[in-house]
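This is what each chain is made of:
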Amino acid sequence: TYALNEGCYCVCIKDAGLINYDRIRNGVFASSDFWTIVNSGSGGFSIAAGLLSHNVDVDGTINDVITQTLANALSALSCFTLTFTVSGIGGPPVAVSVLYDTATLTDQLLGTFTSDGAKTFSIDNIAVTKIKISSPNTRSFDIDNISIKEDVDCILCSCESRKICLKTNHDDTIPEACNY
């Protein structure tokens, strides 16, 4: 039973297929499938044993980068959350960057991290096409369970279909209707 006041309401039906649907492919790093790694030296990013690892790249000269092009761009009309877990971080306290591309912009900063733990980044109303992690060659760390999921409250709900009218004392002589 729901406690609703009199009035007109629309019934919102959200697509259950979108709830908990992960936009990242192979976010558990079972292999290197779907990931592109560009290291500046002999160290840098690697994928093994179910982890994305970054090792100190002593002969690297620029940041090492790992990217994934999403199968479909995120909707610019919705909001998403990027999450992952960082462990074993070492090296000088220089920030590791989380970046994104859209169809028209590249290397846009989503956020940074400098410590172990669960990381969460909001992606609100941005048509992201690619996610990147860019690390200075002096940092070491592991990442696991990276995902991008649409926030349940942001899954689009259309009220353009039938509306229902609730009235506690309905008089059959006075028709009740909602504005369509």
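Located above this text is the structure these notes cover.
Only a predicted model underlies this, so the values are computations on that prediction, with no experimental measurement involved.

Draft legend 1. Layout of the overall build of the protein. In terms of helices and strands, the protein carries zero helices and twelve strands. Mapped in sequence order, the helices and strands of the protein form the string β-β-β-β-β-β-β-β-β-β-β-β. Within the protein, the fraction of its 180 residues that count as buried is 34%. Of the contacts formed within the protein by residues at least 6 apart in sequence, a portion of 71% connects residues at least 24 apart. On the protein, roughly 10,400 Å² of surface is accessible, and the fraction owed to carbon and sulfur atoms is 52%.

Draft legend 2. Fine view of the pattern of salt bridges. This structure, assessed with the given rule, holds three salt bridges. We note a salt bridge from Asp107 to Lys132, for which the minimum N-O separation is 2.5 Å. Taken as a pair, Asp107 in the loop between β7 (96-101) and β8 (108-113) and Lys132 in strand β10 (residues 130-135) lie far apart in primary sequence, 25 residues in all.

Draft legend 3. Up close: the pairing of β7. For β7, a buried count of six out of six residues is recorded, marking the element as mostly surrounded by other parts of the structure. Judged by which residues are buried, β7 turns out to be covered on both faces: Val96, Val98 and Tyr100 on one side and Ser97, Leu99 and Asp101 on the other are all buried. With five bridges joining them, β7 and β8 adopt antiparallel strand pairing. Looking at the pairing, Val98 lines up with Gly111 of β8. Between β7 and β8, which follow one another and run antiparallel, lie six residues, and Asp107 among them has a positive phi close to 55 degrees. One ladder, built from five bridges, connects β7 with β10; its direction is antiparallel. Bridge pairing links Ser97 to Ser134 in β10.

Draft legend 4. Spotlight on the sheet that holds strand β6 (residues 79-90). The strand order β3-β4-β11-β6-β9 describes an open sheet built from five strands, whose pairing is antiparallel. The open sheet terminates on both sides in strands that have one partner only, identified here as β3 (44-48) and β9 (117-124). Averaged over all pairs of adjacent strands, the angle between strand axes in this sheet comes to 25 degrees, irrespective of strand direction. Relative to strand β4 (residues 51-55), β3 runs antiparallel, the two being bridged by five bridges. Residue pairing for β4: Ile47 is matched across the bridge by Leu52.

Cut-offs applied
- Residues numbered from 1 in each chain as written.
- Predicted model: local features only at pLDDT ≥ 70, side-chain atom pairs only at ≥ 80, totals over all residues.
- Heavy atoms only, no water.
- Helix = DSSP H or I, 4+ residues; strand = E, 2+ residues; numbered from the N terminus.
- Buried < 20%, exposed > 50% of the residue type's maximum accessible area, 1.4 Å probe, protein only.
- Contact = heavy atoms within 4.5 Å.
- Areas by Shrake-Rupley, 256 points an atom, 1.4 Å probe, with all protein chains shown as cover.
- Salt bridge = Lys/Arg side-chain N within 4 Å of Asp/Glu carboxyl O.
- Pairing = 2+ DSSP bridges.
- Axes fitted to C-alpha atoms, helices over the stretch in contact; angles between N-to-C directions.

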